[in-house]
Amino acid sequence: MLKCPNCSSKDIGKIGINQYYCWNCFIELSLSNGIISTHQVEEDGTLSSLDDLFEEDERRFSV
């Protein structure tokens, strides 16, 4: 099960192919090659990367 690297919540909703949304801290997550990319949704609908806030091992997804 996917866990949010920002808040550790498991309250994650699927919004597309390999795209998810954390309902706890309201960030968008995408999964590619076992690495979770994190994005903040801005007021105008664009996405800003939050990946620089996390170490790669914190963003690694393993089943």
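Source: prediction; values computed, not measured.

A closer look at the packing of aromatic side chains
Then, in step 1: Within this structure, the stated rule accounts for one aromatic pair.
Then, in step 2: Their ring planes at 70° and their centres at 4.9 Å tell us that Tyr21 and Trp23 sit as a pair that is edge-to-face.
Then, in step 3: We classify Tyr21 as buried; its relative accessible area is 19%.

Some words on the nonpolar core
Nonpolar side chains in soluble globular proteins tend to be buried together.
Then, in step 1: One finds Leu2, Cys4, Tyr20, Cys22, Cys25, Ile27, Leu29, Leu31, Ile36, Leu50 and Phe54 forming the largest nonpolar core, which totals eleven residues.
Then, in step 2: Of all the secondary-structure elements, those providing two or more residues to this core are strand E2 (19–22) and strand E3 (27–32).
Then, in step 3: Here this core takes three residues from E3, the largest share from any one element.
Then, in step 4: Dropping the residues within four chain positions of it, Cys25 is found in contact with Cys4, Asn6 and Cys7.

Digging into the state of the cysteines
Then, in step 1: Across all of its chains, the model carries zero disulfides by this definition.
Then, in step 2: No disulfide involves Cys4; its sulfur sits 3.7 Å from the nearest other cysteine sulfur, which is in Cys25.
Then, in step 3: The exposure class of Cys4 is buried, given its relative accessible area of 1%.
Then, in step 4: No disulfide involves Cys25; its sulfur sits 3.6 Å from the nearest other cysteine sulfur, which is in Cys22.

Remarks on the pairing of strand E1 (residues 12–16)
Then, in step 1: Of the strand pairs in this sheet, E1 and E2 are connected by four bridges, and their pairing is antiparallel. Bridging across to E2, Ile12 finds its partner in Cys22.
Then, in step 2: Taking the residues between adjacent antiparallel strands as the criterion, E1 and E2 are bridged by two residues, where Asn18 takes a positive phi near 60°.

Side note on the environment of Asp52
Then, in step 1: Structurally, Asp52 can be placed in the loop between strand E5 (47–49) and helix H1 (56–59).
Then, in step 2: C-alpha separation for the pair Asp52 and Asn33, spaced 19 residues apart in sequence, amounts to 18 Å.

What about the confidence of the model for the chain?
Then, in step 1: Mean pLDDT over the chain: 92, with 98% of residues reaching 70 or higher.
Then, in step 2: Taken element by element, the chain is modelled with least confidence in H1, mean pLDDT 87, and with most confidence in E2, mean pLDDT 96.

Rules of the game
- Residues numbered from 1 in each chain as written.
- Predicted model: local features only at pLDDT ≥ 70, side-chain atom pairs only at ≥ 80, totals over all residues.
- Heavy atoms only, no water.
- Phe/Tyr/Trp six-rings, centres within 6.5 Å; stacked < 30°, edge-to-face > 60°.
- Buried < 20%, exposed > 50% of the residue type's maximum accessible area, 1.4 Å probe, protein only.
- Core = buried A, V, L, I, M, F, W, Y, C linked by side-chain atoms within 4.5 Å.
- Helix = DSSP H or I, 4+ residues; strand = E, 2+ residues; numbered from the N terminus.
- Contact = heavy atoms within 4.5 Å.
- Disulfide = S-S within 2.5 Å.
- Pairing = 2+ DSSP bridges.
- pLDDT = per-residue confidence, 0-100.

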